[in-house]
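Now for the letters of each chain:
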Amino acid sequence: MNLKNFKRDWLSNVKADILSGAVVGLALIPEAIAFSIIAGVDPKVGLYASFIITVMTAFFGGRPASISAATGAMALLMIDLVKLHGLQYLLAATVLTGIFQVLFGLCKLGRQMRYVPRAVMLGYINALAVLIFLAQLPQLLGKPPIVYLLTALSLAIIYLLPRFTQVIPSPLVALGVMTLATIALKLDVPTVGDMGQLPTTLPVFAVPQVPLTLATLKIILPYSLTLALVGLLASFLTAALVDELTDTTSDKNQEAQGQGLANIVSAFFGGMAGCGMIGQSVINVQSGGRTRLSTLAAGLLLLFAILGLQDWVRQMPMAVLVAIMFMVSIGTFRWSSFRRIRRVPVSETIVMLATMGVAIFTRNFALGVATGIVLSTVFFTNKIAQLVTVRRRSEDEGSHHIYDVSGHIFFLSKEEFFDGFDFREAIDRVTINLSQAHLWDQGSVEMVDRVIFKFRRLGAEVQLVGLNASSTALAQNLGLQSIVLDDEPLTPFATQTRKLP
């Protein structure tokens, strides 16, 4: 890195970056604790992870001013692994997750994320919001009425305070007020301290204590692959949003490598896997953060808070954390995707709802995204298949028919292509003009061969013209000798045409 790039990435916006980082670092505390609880691990696991991942991505990530830490999307995927096998297997899975992400970046596959349709992205975001909301319900169901009152009051502070001042993030104000109220009034409600021990020291290096066997790999591999894909999807989505907000660009492949390296280091210091955070990144940018310094400041302040303010953090009521996660859920959900549901194509609505449904009911975001991509592909190919046209014109008093074909001929459009020809009339000569068409697969070549064979069986002389080089190579590789090429010029279209339905 030369001096010019160093100043641009670190020193071009120092004051605003430090202030915005401070806001984000404080705001990360309740979220990191809440996400730890969702995953079923001690709060220190999420807090250590948030500190390490934020600092690591500040140096090695591909999107300056983006915030990465422990997240709800990743925490939801860890629940079953922690329940069945415990924390050490989660740490091992986090290492493997990071390895997958580094390999993803090294193979320069980051650009492939541009092919994820917007409907799939919306389904993913909405599913994440719903699952975060549902994950809070166990903290409320069966609890005394005072818990519901604290939750309601916390929500009131979170949503009403910004109307009067935005100097301090309203979730932090809610956290402080409700914690002080719980201590002063000696309320008997569940607190963060009831959920597990908070860290008292800096994170310590340790190798995950799991057997290095094939059985262990079989356990962690499915979780690691899902975490890697979901983490990259969330990180790329976050980077794209920051790109838009700052009118700058990011390096998706470097982002993948940075996220992977951060997760590997996090696991060796007792942290869970994390990824890009949309909400915190937006807070950072809107607070003035623009460079890597803002991300670093957020991580360092987070560490100071969890070590220096531990007694206060331990007495936080769970009700206020539930309210904060409700806020995250409500803010994450894309309500406009349903308000505009009648304006968008039906196919996109189906893709969005399918992505949401599969992700919610299986709690597997990778499966939900895969379902959405498959459906999008099916709808797209069906639409492309209908764009194939076959127009017929006649010469030599009707004894010579010329069929002008345009569009992409492949396995979904080959039947429409075949139906465009009229085999009922007895004619002397047929010319098939493919200068505006392309043959994509074996099925399309075989269908052209079938058309030629059928006309010849009816006694017509058949010529194929205008086949491009790649289509010709495909036909020759398949060994279809019936295709005869002749590049003679053709006259303009006549009035008689036939268009496929």
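Relevant structure appears above.
An account of the accompanying structure is given in this report. Predicted, not measured: the structure shown is a model, and the values here were computed from it.

1. Some points on the overall build of the chain
Turning to step 1, where the next piece is worked out: Assigned secondary structure in the chain consists of 20 helices and 6 strands.
Turning to step 2, where the next piece is worked out: Along the three orthogonal principal directions, the C-alpha set of the chain runs to about 100 × 50 × 45 Å.
Turning to step 3, where the next piece is worked out: Of all intrachain contacts in the chain linking residues separated by at least 6 positions in sequence, the fraction that spans at least 24 positions is 83%.
Turning to step 4, where the next piece is worked out: As displayed, the chain offers around 23,500 Å² of accessible surface, 63% of which is attributable to carbon and sulfur atoms.
Turning to step 5, where the next piece is worked out: Separation of charge centres in the chain, based on 38 positive and 31 negative side chains, amounts to 11 Å.

2. Concerning the nonpolar core
Turning to step 1, where the next piece is worked out: Counting 102 residues, the largest nonpolar core has Ile33, Met78, Tyr124, Met272, Leu321 and Phe365 as its most contacted members.
Turning to step 2, where the next piece is worked out: With 12 residues, the single largest contributor to this core is helix α6 (residues 118–136).
Turning to step 3, where the next piece is worked out: Here Tyr124 is in contact with Ala73, Val230, Leu233, Ala234, Leu237, Thr355, Phe365 and Val369, once residues within four sequence places are set aside.
Turning to step 4, where the next piece is worked out: Phe423, Ile432, Ile452 and Ala460 belong to the second largest nonpolar core, which has 26 residues in total.

3. So, the layout of surface pockets
Turning to step 1, where the next piece is worked out: Its boundaries defined by the atoms lining it, the largest pocket holds a volume of some 1,000 Å³.
Turning to step 2, where the next piece is worked out: Lining the largest pocket are 39 residues, and of these Gly279, Gln280, Val282, Ile283 and Met327 sit closest to its centre.
Turning to step 3, where the next piece is worked out: Counting only elements with at least two residues in the lining of the largest pocket, the list comes to α2 (14–39), α4 (72–85), α6, α7 (145–160), α8 (170–184), α9 (214–246), α11 (278–286) and α14 (318–332).
Turning to step 4, where the next piece is worked out: Element by element, the count of residues in the lining of the largest pocket is highest for α11, at 6 residues.
Turning to step 5, where the next piece is worked out: Tallied by class, residues from the lining of the largest pocket come to 25 nonpolar, 12 polar and 2 charged.

4. Looking at the sheet that holds strand β6 (residues 461–465)
Turning to step 1, where the next piece is worked out: If you trace the 4 strands from one edge of the open sheet to the other, you get β3-β4-β5-β6, paired in mixed fashion. A strand with exactly one partner marks an edge of an open sheet, and here the two such strands are β3 (389–395) and β6. On average, adjacent strands in this sheet sit at an angle of 20 degrees to one another, irrespective of strand direction.
Turning to step 2, where the next piece is worked out: Sheet topology places strand β5 (residues 429–439) next to β6; 5 bridges connect them, and they run parallel. Residue pairing in the sheet places Arg429 in a bridge with Glu461 of β6.
Turning to step 3, where the next piece is worked out: Here helix α19 (residues 442–457) sits on the sheet in contact with β4 (400–409), β5 and β6, set at roughly 175 degrees to β5.

5. Details of the pattern of salt bridges
Turning to step 1, where the next piece is worked out: Under the definition given, this model contains 6 salt bridges.
Turning to step 2, where the next piece is worked out: Here Arg63 ties to Asp243 by a salt bridge, and the two come within 2.5 Å at their closest N and O atoms. Here Asp243 lies in helix α9 and Arg63 lies in the loop between α3 (43–60) and β1 (68–69), a separation of 180 residues in the sequence. Each member of the pair Arg63 and Asp243 is classed as buried.
Turning to step 3, where the next piece is worked out: In this structure, Asp404 and Arg393 form a salt bridge, with 2.5 Å as the shortest nitrogen-oxygen distance.

The rules we used
Residues numbered from 1 in each chain as written. Predicted model: local features only at pLDDT ≥ 70, side-chain atom pairs only at ≥ 80, totals over all residues. Heavy atoms only, no water. Helix = DSSP H or I, 4+ residues; strand = E, 2+ residues; numbered from the N terminus. Contact = heavy atoms within 4.5 Å. Areas by Shrake-Rupley, 256 points an atom, 1.4 Å probe, with all protein chains shown as cover. Lys, Arg positive; Asp, Glu negative; His and termini not counted. Charge placed at Lys NZ, Arg CZ, Asp CG, Glu CD. Core = buried A, V, L, I, M, F, W, Y, C linked by side-chain atoms within 4.5 Å. Buried < 20%, exposed > 50% of the residue type's maximum accessible area, 1.4 Å probe, protein only. 1 Å grid on protein atoms, 1.4 Å probe; cavity = no way out; pocket = protein on both sides within 12 Å on 5 of 7 lines; lining within 4 Å. Points joined across faces, edges and corners; volume = space filled by probe spheres on them. Nonpolar A, V, L, I, M, F, W, Y, C, P; charged D, E, K, R; others polar. Pairing = 2+ DSSP bridges. Axes fitted to C-alpha atoms, helices over the stretch in contact; angles between N-to-C directions. Salt bridge = Lys/Arg side-chain N within 4 Å of Asp/Glu carboxyl O.

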